[in-house]
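Commentary on secondary and tertiary structure
If you want the building blocks of each chain, they are given just below.
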Amino acid sequence: MPNFSVNHYLRDHIRTVPDWPAPGVQFRDITPLLQDAKVFRVLIDVFVHRYMDAERRPDVVAGLDARGFILGAVVAYELGVGFVPIRKKGKLPFTTVEETYELEYGSATVELHTDAVKPGQRVLLIDDLIATGGTMMAGKKLLEKLGAEVMEGAVIVDLPELGGSDKLRATGLPLFTLVDFAGH
């Protein structure tokens, strides 16, 4: 395959839905990446191959509710490490820590079990997309409250115009993104 680019291949399988959930928004839908077995395998393999080597290998993968669960669980399984869900408030049955963050219109809260990670563990934080960065920042803060080191944030899509990736990098969080989309 001459000039094959994984990034372009994945981008070609992301559907843009105009005016959803609000007028003027260009929603980047990753479900086509998951529906096609070959495309899904390419997507997961990109993440797995990045984190296979000892210097980049996490002790645990944390996925953000909800699409981060899909990616994170499979990546953790392939790497042979544990998976930790960071859930929306009220979904976890055990003792939790929580972090509230601002949305465009209001706020949201995510939670993590207090025994989800151990102090000093290296955690890969994974989600499908970075827009304003609020969800990933909240996940990072939760993991750090428990003493873990968030070694990197990984996503499929970055919407750089919304400033989230810049904010996250400014906190010292390295990011691994596969596809950038101009606009939102």
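Further up the page is the structure itself.
None of the values given here were measured: they were computed from a predicted structure.

When you go through the chain residue by residue, the secondary structure sums to six helices and ten strands. For 184 residues, the compact-globule formula gives about 16 Å, and the C-alpha radius of gyration of the chain, at 16 Å, lands near that figure. Across its three principal directions, the C-alpha atoms of the chain cover 45 × 40 × 30 Å. Within the chain, the proportion of its 184 residues that are buried is 46%. Counted over contacts in the chain with a minimum sequence separation of 6, partners at least 24 positions apart contribute 57%. Working note: accessible area of the chain is about 9400 Å², and carbon and sulfur atoms make up 53% of it. The positive charge centre, built from 20 side chains, and the negative charge centre, built from 25, are 2 Å apart in the chain.

Let's shift gears to the pairing of strand β7 (residues 122–126). Counted residue by residue, β7 has four buried out of five residues, so it is predominantly covered. Alignment of strand β3 (residues 60–64) against β7, held across four bridges, turns out to be parallel. Residue pairing for β7: valine 60 is matched across the bridge by valine 123. Across five bridges, β7 lies against strand β9 (residues 149–158) in parallel orientation. Looking across to β9, one finds that arginine 122 is bridged to glutamate 149.

So, on to the side chain of glutamate 111. With respect to the helices and strands, the residue glutamate 111 is situated in strand β6 (residues 106–113). Here glutamate 111 falls in the buried class, since its relative accessible area comes to 6%. Here the side chain of glutamate 111 touches threonine 96 through a polar contact of 3.3 Å, side chain to side chain. When near neighbours in sequence (up to four residues on either side) are disregarded, glutamate 111 contacts Pro85, Ile86, Arg87, Lys88, Lys89, Gly90, Lys91, Leu92, Thr96, Val97, Glu98 and Leu142.

Attention shifts here to the packing of aromatic side chains. Here the structure, examined in full by the defined rule, presents five aromatic pairs. Relative to phenylalanine 27, the ring of tryptophan 20 lies with its centre 4.9 Å away and its plane at 85°, an arrangement referred to as edge-to-face. Judged by relative accessible area, which is 48%, tryptophan 20 ranks as partly exposed. Accessibility expressed as a relative area gives 23% for phenylalanine 27, which makes it partly exposed. With 6.4 Å between their ring centres and 90° between their planes, tyrosine 51 and phenylalanine 176 make a pair best called edge-to-face. Linking tyrosine 51 in helix α3 (residues 37–51) with phenylalanine 176 in strand β10 (residues 175–180), this pair joins segments that are 125 residues apart in sequence. When sorted by exposure, tyrosine 51 lands in the same class as phenylalanine 176, which is buried. Taken together, Phe47, Tyr51 and Phe176 form an aromatic cluster joined through their ring pairs. When the ring centre of phenylalanine 181 is taken as reference, the NZ or CZ atom of arginine 11 above it lies at 4.1 Å.

In the contact formed by α3 and helix α4 (residues 67–79), the axes pass within 10 Å of each other and the chain directions differ by 55°. Accordingly, the angle class assigned to the pair α3 and α4 is oblique. Judged by the twist between their axes, the crossing of α3 over α4 is right-handed. In this structure, α3 uses Phe40, Leu43, Ile44, Phe47, Val48 and Tyr51 to contact α4, whose residues at the interface are Ile70, Leu71, Val74, Val75, Glu78 and Leu79. Its residues placed into classes, the contact of α3 with α4 shows eleven nonpolar, no polar and one charged.

Rules and cut-offs
- Residues numbered from 1 in each chain as written.
- Predicted model: local features only at pLDDT ≥ 70, side-chain atom pairs only at ≥ 80, totals over all residues.
- Heavy atoms only, no water.
- Helix = DSSP H or I, 4+ residues; strand = E, 2+ residues; numbered from the N terminus.
- Rg over C-alpha atoms; globule rule 2.2 N^0.38 Å.
- Buried < 20%, exposed > 50% of the residue type's maximum accessible area, 1.4 Å probe, protein only.
- Contact = heavy atoms within 4.5 Å.
- Areas by Shrake-Rupley, 256 points an atom, 1.4 Å probe, with all protein chains shown as cover.
- Lys, Arg positive; Asp, Glu negative; His and termini not counted.
- Charge placed at Lys NZ, Arg CZ, Asp CG, Glu CD.
- Pairing = 2+ DSSP bridges.
- Polar contact = N/O pair within 3.5 Å; in protein donor to acceptor, adjacent residues only side chain to side chain.
- Phe/Tyr/Trp six-rings, centres within 6.5 Å; stacked < 30°, edge-to-face > 60°.
- Lys NZ or Arg CZ within 6 Å of the ring centre and 35° of its normal.
- Axes fitted to C-alpha atoms, helices over the stretch in contact; angles between N-to-C directions.
- Parallel < 35°, antiparallel > 145°, perpendicular 65-115°, else oblique.
- Left-handed = near helix turned anticlockwise from the far one by under 90°.
- Nonpolar A, V, L, I, M, F, W, Y, C, P; charged D, E, K, R; others polar.

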